[in-house]
Amino acid sequence: MVMKQTSAQVALSEEFLVALGKLPLNVQPRVRDCMRHLYQNPTHPSLNYEAIHSASDPCMRSIRINEGYRAIVAHPDGTGTYVLLWVDKHDAAYDWASRHVLNVDDLHGLTLAPITRSQSPLPAEIPPAPTPTIKGGVLEHLNDAQLLQVGVTKAFLPVLRACATDDDLLEVLQGLRQEIAEAVMCLALGQPLAVAVEEVQQEPEPPTSEVQPVSHPLEVALQRPENRRRFVVLTSQHELEQALEYPLERWRLFLHPSQQDIVQRHFDGPALVSGGAGTGKTVVGLHRAYYLATHVFTAPSDRILLTTFTTNLAENLSTLMDSLCGSDQATRKRIDVIHVHSLAARLRRSVGEQFGILEDQLARTLMTQAVQRLDTLKLPVSFYLSEWTEVVQEREALTQDEYLQVDRAGRGKALNPQQRLAIWPVLEAYGQAVKAAKREEWPDVMRRVRHLLSTGQLQLPAHYRTAIIDEAQDMGTPEIRLVLSLTGIGPDGLLLLGDTRQQIYARGAFVRLLSIPIGRRHHRLRLNYRTTEQIRSSAAQLVTTATALNGDALTADDLSLLSGPAPTVKLFPSLIAEQEGMVAALKEVLSVIASEEVAVVARTNALVNQYQHILATAGIPHTRLEAKVTRGPGVQLATMHRVKGLEFRAVFIVGCSSDVLPQPYIGDGDEMGRLEHLEREQRLLYVSMTRARELLWMSGAGSLSPIMAAQ
């Protein structure tokens, strides 16, 4: 039955959704029922409002969920405004209400502020004793005016000035309101002052001579844009149901101002967004696609392309875009979310052409045969395979003349003209053997589609106006050439979202190879909104240096304001002991976290098979994530590659043993290839670790992987 809302204004705080997501599963449905009643009729008798005599804020009331649980709502007398703030067990909810106030002021906007914070060295609201400034402190490069402008009080300045390390700063920021803490962090990380100030200050509305009805400050504050990152006013049943169904996926309702700036910015050419895992690149890409479809490229024939390199991630993105668009199906149909190879195959087959993709094993066999017949330099098969993939195909050196002249920068081993002349016959013979086998590689497919487009043999039914590429670091030059042939690089025409620290395929050099002019349109996200600082910093030890796709250095200065337990690393004497230890730890976690928010991750499919049997034997419901399976009931079970792009409250990474991680290098004597393989294995573990939001548990048997030496 479709609900009809009264004239009341019902809103949710982000904190309420966090609390809802952590409730026992048998309580959550009752909370949802109460929310529906509140939205439909805030005076519904079943809500059973009660005054909270111990509350610090006179606007706070409690709503009965059931005999043991209460929700806290702000409802100023004489208004039709109801803001859900928190939900918990009866006594815990009342205690929360006694320790928080809902503040409305011009500087900080609308904030839920604690009266005291036991974890803070000094409460934010109490003037601290004078503290001497430490020369060389982490905020030494900022003046007092900058800190005051983002909301820091004069009394709190000495505490910030005393922070000598990033850890000191993170601890002190726990005593500030979230908005101010994040603004200080942005300044500390070197983001422009204007960006940070915009997050806590907005220009006042211009004066008007018209007589306006007097509204309660809370009602006014809920309508201000800067407050929508923590509070959302429900304007439809669809928004309510989204909040009810996805309480932990708050990105649908809340967008950080630094992300919003990128989403709505006009770019006069190709743009790049860099950032570590958890900084919100994918969220930016999804919202950017929707914004461009609804505000910039709005013609019925306009199409927005959102693509990525892996099939699994494309499936996940499509599901998320479905959720973001909701009932706006007209817009959703104009946003094409598709794996880049699937796009090429669809276009190719639209003109009636069929093709078969070369299998990896056949490729090695054909190259081995070519090497045995024609190699005169005693180079290994692995070298020739890499040379074919990374030079011939990646850089389109398809003839002998092109190969002799091509720039091989990044290949490590320099070759003189005579060596190139000796190598080319092997590569040429391999290419001919692939054609004789009636097979193609994906770069061949990309080139063929581009040819069909350029010659007019392929006519697109709609116009791709822009492309947004997620996990762009895994894209190859052939794929990017195809995308550019569809969209070009005009204004708002290309947005790359990438993090080379998460590069798990031998790709990502296309910006340099194709001379894509990023220039000043490189934006970096540094604040991690997903992972605790303990997990983030532990994973960051695996990948200490990196460069962005455009060559800019990426310094290791990402930080998270979230805090939690340090990752657990367990070494067991045997595989059986590891399996038993994991099951025991998993059961303990499942007593407090919903199984769908827990993942068990392994390096190989063989290990995933083993743990699938172990979970079944232990009676633990689970779903194995595969190509077309994005989520399912129970614990989520997947390979390291499969969980890329996903996130969970708790992650168990099993099989972190020296005989499993890194996987053996299949090359033969190619030292550069061996080092690149090891680096990709390190990045793969980094990706897996950063899937965890709150809890990370890692284990191995016998001896731990050498990659984990820093853990």
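Cut-offs used in this document
Residues numbered from 1 in each chain as written. Predicted model: local features only at pLDDT ≥ 70, side-chain atom pairs only at ≥ 80, totals over all residues. Heavy atoms only, no water. Core = buried A, V, L, I, M, F, W, Y, C linked by side-chain atoms within 4.5 Å. Buried < 20%, exposed > 50% of the residue type's maximum accessible area, 1.4 Å probe, protein only. Helix = DSSP H or I, 4+ residues; strand = E, 2+ residues; numbered from the N terminus. Contact = heavy atoms within 4.5 Å. Phe/Tyr/Trp six-rings, centres within 6.5 Å; stacked < 30°, edge-to-face > 60°. Pairing = 2+ DSSP bridges. Axes fitted to C-alpha atoms, helices over the stretch in contact; angles between N-to-C directions. Salt bridge = Lys/Arg side-chain N within 4 Å of Asp/Glu carboxyl O.

### Side note on the nonpolar core
The tendency in soluble globular proteins is for nonpolar side chains to be buried side by side.
Then, in step 1: In terms of nonpolar packing, the biggest core is built from 47 residues, with Phe16, Val31, Leu85 and Val87 touching the most fellow members.
Then, in step 2: The dominant element in this core, judged by the number of residues it contributes, is strand S5 (residues 81–89), at six residues.
Then, in step 3: Those residues in contact with Val31 that lie beyond four places of it in its chain are Phe16, Leu20, Leu23, Ile65 and Val87.
Then, in step 4: Counting 34 residues, the second largest nonpolar core, distinct from the first, contains Leu343, Phe355, Leu494 and Val511.

### As for the environment of Ser591
Then, in step 1: Tracing the backbone through its elements, the reader meets Ser591 in the loop between helix H24 (575–590) and strand S20 (598–602).
Then, in step 2: Put simply, Ser591 and Pro24 are 567 residues apart on the chain and 9.0 Å apart in space, counted from C-alpha to C-alpha.

### Some words on the packing of aromatic side chains
Then, in step 1: On inspection of all chains with the given rule, the structure shows eight aromatic pairs.
Then, in step 2: Ring geometry for Phe572 against Trp697: centres 6.3 Å apart, planes inclined by 40 degrees, an arrangement best described as tilted. Of the two residues, Phe572 is situated in strand S19 (residues 568–572) and Trp697 in strand S24 (residues 692–701); the sequence distance between them amounts to 125 residues.
Then, in step 3: Since its relative accessible area comes to 7%, Trp697 is described here as buried.
Then, in step 4: An angle of 40 degrees between the planes, with centres 5.3 Å apart, marks the rings of Phe652 and Trp697 as tilted. Placement of the pair is Phe652 in strand S23 (residues 648–653) and Trp697 in strand S24, with a sequence separation of 45 residues.
Then, in step 5: The structure contains a cluster of three or more aromatic residues connected by ring pairs, namely Phe572, Phe652 and Trp697.

### Some details on the sheet that holds S5
Then, in step 1: Pairing within the open sheet is mixed, and its six strands lie in the order S2-S3-S4-S5-S1-S8. The two strands at the open ends of the sheet, each matched to only one other strand, are strand S2 (50–51) and strand S8 (231–233).
Then, in step 2: Of the pairings in the sheet, the one linking strand S1 (residues 9–13) to S8 comprises three bridges and is antiparallel in character. By the bridge assignment, Leu12 is partnered in S8 with Val232.
Then, in step 3: Each of S1, strand S4 (69–74) and S5 is contacted by helix H1 (residues 14–21), which is oriented at about 30 degrees to S5, the strand it contacts most.
Then, in step 4: Helix H2 (residues 28–40) contacts S1, strand S3 (60–64) and S5 of the sheet and is inclined by roughly 165 degrees relative to S5.

### Thoughts on the sheet that holds strand S14 (residues 522–525)
Then, in step 1: Within the open sheet, the six strands sit side by side as S11-S10-S12-S13-S9-S14. Their pairing is parallel. A single partner strand is all that each edge strand has here, and the edge strands are strand S11 (335–339) and S14. Along the sheet, successive strands turn relative to each other by an average axial angle of 20 degrees, direction set aside.
Then, in step 2: Bridging between strand S10 (residues 302–308) and S11 involves five bridges; their strand directions are parallel. Within S11, the residue paired with Ile304 across the bridge is Ile335.
Then, in step 3: Packing of helix H13 (residues 311–325) onto the sheet brings it into contact with S10 and S11, and relative to S11 it is tilted by some 160 degrees.

### Observations concerning the pattern of salt bridges
Then, in step 1: Scanning the entire structure with this criterion turns up 29 salt bridges.
Then, in step 2: Between Asp492 and Arg288 there is a salt bridge, with the nearest N and O atoms lying 2.8 Å from each other. Note that Asp492 is positioned in the loop between helix H21 (477–487) and strand S13 (494–498) and Arg288 in helix H12 (residues 281–296), a separation of 204 residues in sequence. The same class applies to Asp492 as to Arg288, namely buried.
Then, in step 3: Among the ionic pairs, Arg465 bridges to Asp302, the shortest N-O distance being 3.2 Å. In this pair, Arg465 is assigned in strand S12 (residues 463–469) and Asp302 in strand S10, connecting sequence segments 163 residues apart.

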